[in-house]
Amino acid sequence: MSQTFRVLPSIDKLLHHFQEQPEAAAYPRSLLADVLRETLEHLREQIRTGREIDPTPAGILAAAVKRLDQMASPGLRKVINATGTILHTNLGRAPLSRQARTRVEEVMDGYSTLEYNAAAGKRGSRYDHVAQRLCRLTGAEDALVVNNNAAAVLLVLSAIVPGREVIVSRGQLVEIGGSFRIPAVLAQSGAKLVEVGTTNKTRLSDYHKAITPDTGAILKVHTSNFRIIGFVEQPEDEELSRLARAHDFPLIEDAGSGTLLPLKLGDWQEPSLRQRLAAGMDIVTASGDKLLGGGQAGIILGQKRWLAPMKSHPLLRALRVDKLTLAALEGTLLDYEMGNPLEQVPVLSMLHQFPQQLEAKAHRLAALFDDLRQYGWHVQVLALTSQVGGGSFPGVEIAGWGVQVRWTQSAQKLETRLRLGSVPVIVRIEDDAVIFDVRCLDEPDLVTLAAICGKIVKGEQV
Ligand SMILES: *Cc1c(COP(=O)(O)O)cnc(C)c1O
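Keep in mind that what you see is a predicted model, and the values were worked out from it rather than measured.

In this section: helix α14 (residues 323-338). Since the α-helix turns once every 3.6 residues, residues separated by three or four places project in the same direction. Taking 1.5 Å of rise per residue, the 16 residues of α14 would be expected to cover 22 Å, and the 22 Å separating its terminal C-alpha atoms lies within 8% of that figure. Most of α14 sits out of view: 12 of its 16 residues are buried. Buried within α14 are the following residues: Thr325, Leu326, Ala327, Ala328, Leu329, Glu330, Gly331, Thr332, Leu333, Leu334, Asp335 and Tyr336. The inward-facing, buried residues of α14 contact α5 (98-108), α6 (128-138), β4 (142-146), β14 (298-302), α15 (341-344) and α16 (346-351).

Here the focus is the sheet that holds strand β15 (residues 378-386). Strand order in the open sheet made by the 4 strands is β15-β16-β19-β18, with antiparallel pairing throughout. Edge strands, defined here as strands with exactly one partner in the open sheet, are β15 and β18 (428-430). Neighbour to neighbour, the strand axes of the sheet diverge by 40° on average, direction disregarded. Strand direction decides the pairing type here: β15 and strand β16 (residues 398-406), joined by 9 bridges, are antiparallel. Within β16, the residue paired with Leu384 across the bridge is Gly400. Most of the contacts of helix α17 (residues 355-368) go to β16, to which it runs at about 10°, and overall it touches β15, β16 and β19 (433-437).

Turning our attention to the layout of surface pockets. A volume near 1,100 Å³ is recorded for the largest pocket. For the largest pocket, the lining is made up of 36 residues, of which Pro95, Pro346, Met350, Cys440 and Asp445 are closest to its centre. The residues that make up the lining of the largest pocket include at least three from each of domain 2 (80-88 + 351-457) and domain 3 (98-344). By volume, the second largest pocket amounts to about 810 Å³. Those elements giving two or more residues to the lining of the second largest pocket turn out to be β9 (215-221), α10 (237-246), β12 (268-270) and α11 (273-278). For the lining of the second largest pocket, the class distribution of residues is 10 nonpolar, 9 polar and 10 charged.

Taken together, Arg93, Asn148, Asn149, Ala150, Ile176, Phe180, His222, Ser224, Asp254, Gly256, Ser287 and Lys290 make up all the residues around the ligand. One of the side-chain nitrogen or oxygen atoms of Arg93 is found 2.9 Å away from an oxygen atom of the ligand. Within the backbone of Ala150, one N or O atom sits 2.9 Å away from an oxygen atom of the ligand. Here the shell around the ligand is composed, by residue class, of 3 nonpolar, 6 polar and 3 charged.

One open sheet holds the 7 strands; their spatial order is β4-β14-β13-β10-β9-β5-β8, and the pairing between them is mixed. The open sheet terminates on both sides in strands that have one partner only, identified here as β4 and β8 (192-196). For this sheet the average axis-to-axis angle between neighbouring strands, irrespective of direction, equals 25°. Here 5 bridges tie strand β13 (residues 283-287) to β14, and the two strands are oriented antiparallel to one another.

Next up on the list: the nonpolar core. In terms of nonpolar packing, the biggest core is built from 85 residues, with Ile300, Met310, Leu351 and Phe393 touching the most fellow members. Here the element with the most residues in this core is helix α7 (residues 149-160); it accounts for 9 residues. A domain split of this core shows at least three residues from each of domain 2 (80-88 + 351-457) and domain 3 (98-344). If sequence neighbours within four positions are ignored, Leu351 has contacts with Ile86, Leu263, Leu265, Leu291, Val388, Phe393, Ile398 and Arg439. Phe369, Trp377, Leu414 and Cys453 belong to the second-largest nonpolar core, a separate cluster that totals 31 residues.

What counts and how
Residues numbered from 1 in each chain as written. Predicted model: local features only at pLDDT ≥ 70, side-chain atom pairs only at ≥ 80, totals over all residues. Heavy atoms only, no water. Helix = DSSP H or I, 4+ residues; strand = E, 2+ residues; numbered from the N terminus. Expected span 1.5 Å × (residues − 1). Buried < 20%, exposed > 50% of the residue type's maximum accessible area, 1.4 Å probe, protein only. Contact = heavy atoms within 4.5 Å. Pairing = 2+ DSSP bridges. Axes fitted to C-alpha atoms, helices over the stretch in contact; angles between N-to-C directions. 1 Å grid on protein atoms, 1.4 Å probe; cavity = no way out; pocket = protein on both sides within 12 Å on 5 of 7 lines; lining within 4 Å. Points joined across faces, edges and corners; volume = space filled by probe spheres on them. Domains from an automatic or database assignment. Nonpolar A, V, L, I, M, F, W, Y, C, P; charged D, E, K, R; others polar. Near = heavy atom within 4 Å. Polar contact = N/O pair within 3.5 Å; in protein donor to acceptor, adjacent residues only side chain to side chain. Core = buried A, V, L, I, M, F, W, Y, C linked by side-chain atoms within 4.5 Å.

Right under this line is the structure:
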């Protein structure tokens, strides 16, 4: 073993050759030295564990170039979403509309009116750009945008009810994901949680009985990622609203994946933000990057009297949105105000594809796979179902189409090869076959996907 260690050439000698490799020429010497050191360390480890290595300078340089390639490829990068889940939280939720991307690009490219009022020639507010548009689209009296919906809920509670009691139904004490649990967020804001009702049933009288002189709000939370079925009951929004108004505290709703258009899928109705406000909510919060189809943002809607303390709250600065988020949101809102959101906002267009369109898309992908049949690639177009994802339409299965592939290798192996490429392709496995759900794929995706699969069957690098 020590023989083999000694065979490895010195860093200095290798560095000289490394700098002359065309792939490495553009990088600083110190980076190349680091890469070589790591490569040699890795090779020594291989030797220690008894693996075969190529100890020649050419072999080592090839390994170093490969390592450099890996370092140069960004960690955050495009993937092809063949899962059929439109709002895939792990895959970045909503893809942006053309208008949103254009707005982001313009703002990214140079200086902007972020906090400048060009008409008045003086300082402006970053919150003004989208507030009026949100008010027009939802009928809200005022609007405020923060970093995400979790931030929105935290700001609302911190500004409105610190030290006071907040009444929540036991059926709505939800965990959204990670550490976002309603009781924990309430505690963090300084509010006191008062639980009412039971997991499946909460009545108006439960809320009524819980009201004390210390009550600061009633909070309603969208049960976005689960469903209680059977013997269930919750009071109507209008009833809760009358109760809150009679006591002059606000009725707050965390609407989760807020939507600007009322949506219906299967047996699930998702009211729009406008409908929620009209039903009597005083304050509504929602995400910007779920069903609304914009970038990550938290939207707060409500009456001026309730939003005023949020605007002057110190947390606002910590939770504030950046210019790219605002640009993406404004672009998306413009699609709703001025355009045809069902066509222009990708989340909505993917959601509303007709079965015939999806079936045609699946046949198109199968045709692109034709050449791969000679490599033992078995292709079948099939009807399937998927979920919307991202904490929306819990439990609703939507009908779609996809392509099922079996190969000489196991589905697990194929899934791995697809995932480890320079553009990862994310798929589902069912019945030991790989399934490409076509719902979230556009024509360029189909072509790229077929090219990637072509390389995989030929054993080429993808
Ligand atoms: C998704 C969700 C959140 C968190 O929203 P983010 O924008 O991801 O911070 C909060 N509450 C509900 C009910 C949700 O569905």
